[in-house]
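Remarks on the overall topology
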Amino acid sequence: MSSIVGVAGLEATYAAVRAGKRIGLANKEVLVSGGRLVMDAVKETGCELIPVDSEHNGAHQCLRAGSRHEATKLILTASGGPFRNTSKEAMAHVTPAQALKHPTWKMGNRHHHRLRHLDEQRLRGN
């Protein structure tokens, strides 16, 4: 179970993926900050990454309920966050700093240096 808040869970989750473990992911920031790295490793190892957060697991269940070709569109809605009352026009000008300014919790910054280190380990086969 990966449930460490924010990007702090990235390293442990990545290590579990590289080890081919089945992972319950309760932390979307791991994929927000290191999605390409983590998902490439999931494809390489064939491990199972299962979203356990309620909304993410609901989408997961919908997509697994039938044949893959039956799902042509998945619409995600948002009930809050920093852009709750932001117009569509204003959304085109949103900055990363604004996106990280959540009204309830601190999202944290992307840790590019840590991702680079993990990616270098992957390329070396560690």
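Up top is the structure.
The following paragraphs examine the structure supplied in this document. Note that the structure is a prediction, hence the values are computed from the model and not measured. Counting restarts for each chain, with residues numbered from 1 along the sequence as it is written. Where totals are concerned, whole chains, interfaces and linings use all residues; where local detail is concerned, this predicted model gives features only for residues with pLDDT of at least 70, and gives and counts side-chain atom pairs only at 80 or more. As a rule here, side-chain values cover all heavy atoms of the structure and leave hydrogens and water aside.

**Describing helix H2 (residues 29–45)**
Since one α-helical turn is 3.6 residues long, residues separated by three or four positions face the same way. Applicable threshold: Where helices and strands are cited, they refer to DSSP runs of H or I of at least four residues and of E of at least two residues respectively, numbered from the N terminus. How far a helix is expected to stretch is found by multiplying one less than its residue total by 1.5 Å. Bend, at a single residue, is the angle you get between axes fitted to the 7 residues ending at that residue and the 7 residues starting at it. Burial classes: relative accessible area under 20% of the type maximum marks a residue as buried, over 50% as exposed, and values in between as partly exposed (1.4 Å probe, protein chains only).
Compared with the 24 Å implied by 1.5 Å per residue over 17 residues, the 21 Å span of H2 between its first and last C-alpha is markedly short. Remark: the principal bend of H2, roughly 95°, maps to Gly35. For H2, the complete set of buried residues consists of Glu29, Val30, Ser33, Gly34, Gly35, Leu37, Val38, Ala41 and Val42. In the stretch just after H2, Gly46 is the one whose phi turns positive, near 75°.

**Looking at the nonpolar core**
Heads up, the condition is: Residues belong to one nonpolar core when they are buried, are Ala, Val, Leu, Ile, Met, Phe, Trp, Tyr or Cys, and are joined through side-chain atoms within 4.5 Å. We call two residues contacting when some pair of their heavy atoms lies within 4.5 Å.
Residues Leu10, Tyr14, Val17, Ile23, Leu25, Val30, Leu37, Val38, Ala41, Val42, Cys47 and Leu49 constitute the largest nonpolar core, which totals 12 residues. Among the elements that line this core, the one with the most residues is H2, at five residues. Once you skip the residues sitting within four places of it in the chain, Val38 turns out to touch Leu10, Tyr14, Val17, Val30, Leu31 and Leu49.

Read these as geometric descriptors, not functional statements.
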